[in-house]
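Observations on the three-dimensional arrangement
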Amino acid sequence: MTPHTVVVLGASDNPERYSHQAMVLLRHHGHRVIPVHPALAQIDGIPGAPSLEGLTGVDTLTLYIGAARLPAMAEEIVMLHPGRVIFNPGTESPVLQAALDAAGIPWLEACTLVLLRTGQF
């Protein structure tokens, strides 16, 4: 498997959070992880970003923020132009999904942890 650059939107430094578990598992599988959180400059020694602005070369954007916040971020996410977007459970957003469709950006409703553990990532 080729390593991907994966942005974790809604990254957390709390090991009990799924976003944190995804970061750990992504790194275990050899992927480059970029955590995005407005208040955390790094998580577990991984340099992060306060927003999506300025990020490039993103293979996968995996979402871990509330669905209600995503429509306001649709333009920013489309401008990021990731290779694909993963809507983890609870992040489903018809508005963002329609914007991604219009921009030709593939997306799927899935769990990053399950995809990694089953070799489907």
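Everything numeric in this text was worked out from a predicted model, so none of it was measured. (Residues numbered from 1 in each chain as written. Predicted model: local features only at pLDDT ≥ 70, side-chain atom pairs only at ≥ 80, totals over all residues. Heavy atoms only, no water.)

**Let's talk about the pairing of strand E5 (residues 60-63)**
The alternating pattern of E5 places Thr60 and Thr62 and Leu61 and Leu63 on opposite faces, both of which are buried. Summarising the sheet, strand E1 (residues 5-9) and E5 pair through four bridges and their orientation is parallel. By the bridge assignment for E5, Val8 is matched with Thr62. Running through helix H2 (residues 74-80), the crossover from E5 to the neighbouring parallel element strand E6 (residues 84-87) is right-handed. (Buried < 20%, exposed > 50% of the residue type's maximum accessible area, 1.4 Å probe, protein only. Helix = DSSP H or I, 4+ residues; strand = E, 2+ residues; numbered from the N terminus. Pairing = 2+ DSSP bridges. Right-handed = clockwise from strand over helix to strand, strands pointing away.)

**A closer look at the packing of aromatic side chains**
Summed over the entire model, instances satisfying the criterion amount to one aromatic pair. Positioned over the ring face of Phe121 is Arg84, at 4.5 Å from the centre of the ring. (Phe/Tyr/Trp six-rings, centres within 6.5 Å; stacked < 30°, edge-to-face > 60°. Lys NZ or Arg CZ within 6 Å of the ring centre and 35° of its normal.)

**Regarding helix H1 (residues 18-28)**
Of all the residues in H1, the buried ones are Ser19, His20, Ala22, Met23, Leu25 and Leu26. After H1 finishes, the residue Gly30 shows a positive phi value of roughly 90 degrees.

**With respect to the sheet that holds strand E2 (residues 32-36)**
Strand order across the open sheet formed by five strands is E2-E1-E5-E6-E7, with parallel pairing between neighbours. Both edges of this open sheet fall to E2 and strand E7 (107-109), since each of them pairs with a single strand only. Put simply, the sheet's adjacent strands are angled 20 degrees from each other on average, direction ignored. Looking at chain direction, E1 and E2 are connected through five bridges and run parallel. Bridging across to E2, Leu9 finds its partner in Val36. (Axes fitted to C-alpha atoms, helices over the stretch in contact; angles between N-to-C directions.)

**Here's the deal with helix H3 (residues 94-103)**
Every α-helix carries 3.6 residues per turn, so stepping three or four residues along brings you back to the same face. Listing the buried residues of H3 in full gives Leu96, Gln97 and Leu100. Burial along H3 is one-sided: seen end-on, the buried residues are contained in an arc of 100 degrees. Across from the buried face of H3, at angles greater than 90 degrees, the exposed residues are Pro94 and Ala102. Contacts made by the buried residues of H3 are with E5, H2, E6 and E7. Where H3 ends, the next residue or the one after it, Gly104, has phi of about 75 degrees, a positive value. (Arc of directions from axis to C-beta. Contact = heavy atoms within 4.5 Å.)

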